[in-house]
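# Chains, contacts and geometry: an overview
Take a look at the letters that make up each chain.
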Amino acid sequence: MAELPNKTNKPSRAEAEEAVRVLLRWAGDDPTREGLLDTPGRVTRAYEQYFGGYDIDPYAVLNRTFSETEGYDEIVLLRDIRFESCCEHHMAPIIGRAHVAYLPRNRVVGISKLARVVDAYARRLQIQEKMTSQIANTLDEVLQPHGVAVVIEATHQCMTTRGVHRPGTSLVTSRMLGAFRDNPTTRRELLAILQRPGIGAAAEG
C-alpha cells in the first residue's frame, strides 16, 4: 500500500504566500501593486484545490463495497472521467480523461469512488505514466478483481505552451492487469467498448 506524503515539515500559509511574492518579483513584477496584493492568497487557496489529492487516501475511498450484484461478473467501465493534474517537472497543467475498468470477482464499488480515486492521484504533482499505474494498482489491491484496466489520454501544457510548442498533441497511457493483460478476448472487448461513441455523442448523432 502506498503511503501518503509526510506533512510534518509543511510550510505555513504565510511562508507559502511569501514564496509567491518572491516568484512575482523574480518574474519582474511588483507584488505590492494593487492588482497583485491579493495574488499570494489566491494562489495558495488555488493550490489547496490543485493539490488536494495529497489529503485523500485512495485506499480508504474504496473501502466500502457491495456484494448484492446478482452474480454480475462482466466488465464494469467508467469512461471519460475528466481530470486536471499538474506536471511534476514544470508544474504545468495536465488535462485529460481517464477510463477505468475492472472485472469484479464477488464485489463491486460505487462508481463515484472510481472517479474519486482518479482525483486522489490526479490532484498531485504527477507524470501520467505513474498516475496510470497508481490508479490501476490501487484498484487491484483493494478490490482484488479478476482484472483491472486504466487508459488515460491527456494534453500536457509543459509541451503545448512551452519547449517544443506542439499544441494538439496528446499522450495515451494504459495499465492492464489480470484478465485484461492475460486474456486477449477480454482486452479486445474492452477496447471495442472504448471505441464506441458515448451516450451523449450517440444522442447528438
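Residues numbered from 1 in each chain as written. Predicted model: local features only at pLDDT ≥ 70, side-chain atom pairs only at ≥ 80, totals over all residues. Heavy atoms only, no water.

## Remarks on the overall build of the chain
Along its length, the chain carries 9 helices and 7 strands. C-alpha extents for the chain along the principal axes are approximately 65 × 40 × 30 Å. Taking the contacts inside the chain whose residues are at least 6 apart along the sequence as the reference set, 69% of them involve residues at least 24 apart. As presented, the chain carries roughly 12,500 Å² of accessible surface, and 51% of it is formed by carbon and sulfur atoms. Computed over 26 positive and 26 negative side-chain charges, the inter-centroid distance for the chain is 2 Å. (Helix = DSSP H or I, 4+ residues; strand = E, 2+ residues; numbered from the N terminus. Contact = heavy atoms within 4.5 Å. Areas by Shrake-Rupley, 256 points an atom, 1.4 Å probe, with all protein chains shown as cover. Lys, Arg positive; Asp, Glu negative; His and termini not counted. Charge placed at Lys NZ, Arg CZ, Asp CG, Glu CD.)

## Topic: the packing of aromatic side chains
Counted by the stated rule, this structure contains 3 aromatic pairs. For the pair Tyr 47 and Tyr 50, a centre-to-centre distance of 6.0 Å together with 50 degrees between the ring planes defines the contact as tilted. One end of the pair, Tyr 47, and the other, Tyr 50, are both in helix 2 (residues 39-50), 3 residues apart, so they sit about a helical turn from each other. Taking the centre distance of 5.1 Å and the plane angle of 85 degrees together, the rings of Tyr 47 and Phe 51 count as edge-to-face. (Phe/Tyr/Trp six-rings, centres within 6.5 Å; stacked < 30°, edge-to-face > 60°.)

## Examining the packing of helix 1 (residues 13-27) against helix 2
Packed helix pairs are specified by the crossing angle of their axes together with the interaxial distance, meaning the distance between the axes. In contact at an axis separation of 8 Å, helix 1 and helix 2 are set at 115 degrees when each is read in the N-to-C sense. Between helix 1 and helix 2 the crossing geometry is right-handed. Across from Arg 13, Ala 16, Glu 17, Val 20, Arg 21 and Leu 24 in helix 1, the residues of helix 2 making contact are Thr 39, Pro 40, Gly 41, Val 43, Thr 44, Arg 45 and Glu 48. Within the contact of helix 1 with helix 2, the residues separate by chemical class into 5 nonpolar, 3 polar and 5 charged. (Axes fitted to C-alpha atoms, helices over the stretch in contact; angles between N-to-C directions. Left-handed = near helix turned anticlockwise from the far one by under 90°. Nonpolar A, V, L, I, M, F, W, Y, C, P; charged D, E, K, R; others polar.)

## Some words on the UniProt feature "binding site: Zn(2+)" (unreviewed entry) in the chain
Residues annotated by UniProt as "binding site: Zn(2+)" (unreviewed entry) correspond here to Cys 87, His 90 and Cys 158. In summary, the annotated positions, though distributed over 72 residues, converge in three dimensions, the widest C-alpha pair being only 7.2 Å. Topologically, Cys 87 is positioned in strand 2 (residues 76-87). Non-local contacts of Cys 87, meaning those with residues more than four positions away in its chain, are made with Ala 92, Ile 94, Leu 125, Gln 126 and Cys 158. Tracing the backbone shows His 90 in the loop between strand 2 and strand 3 (93-103). On the accessibility criterion, His 90 (42% relative accessible area) is partly exposed. Each residue touching His 90, except ones within four places of it in the same chain, is listed here: Cys 158 and Arg 162. (UniProt positions renumbered as here; feature names shortened; annotations may be inferred. Buried < 20%, exposed > 50% of the residue type's maximum accessible area, 1.4 Å probe, protein only.)

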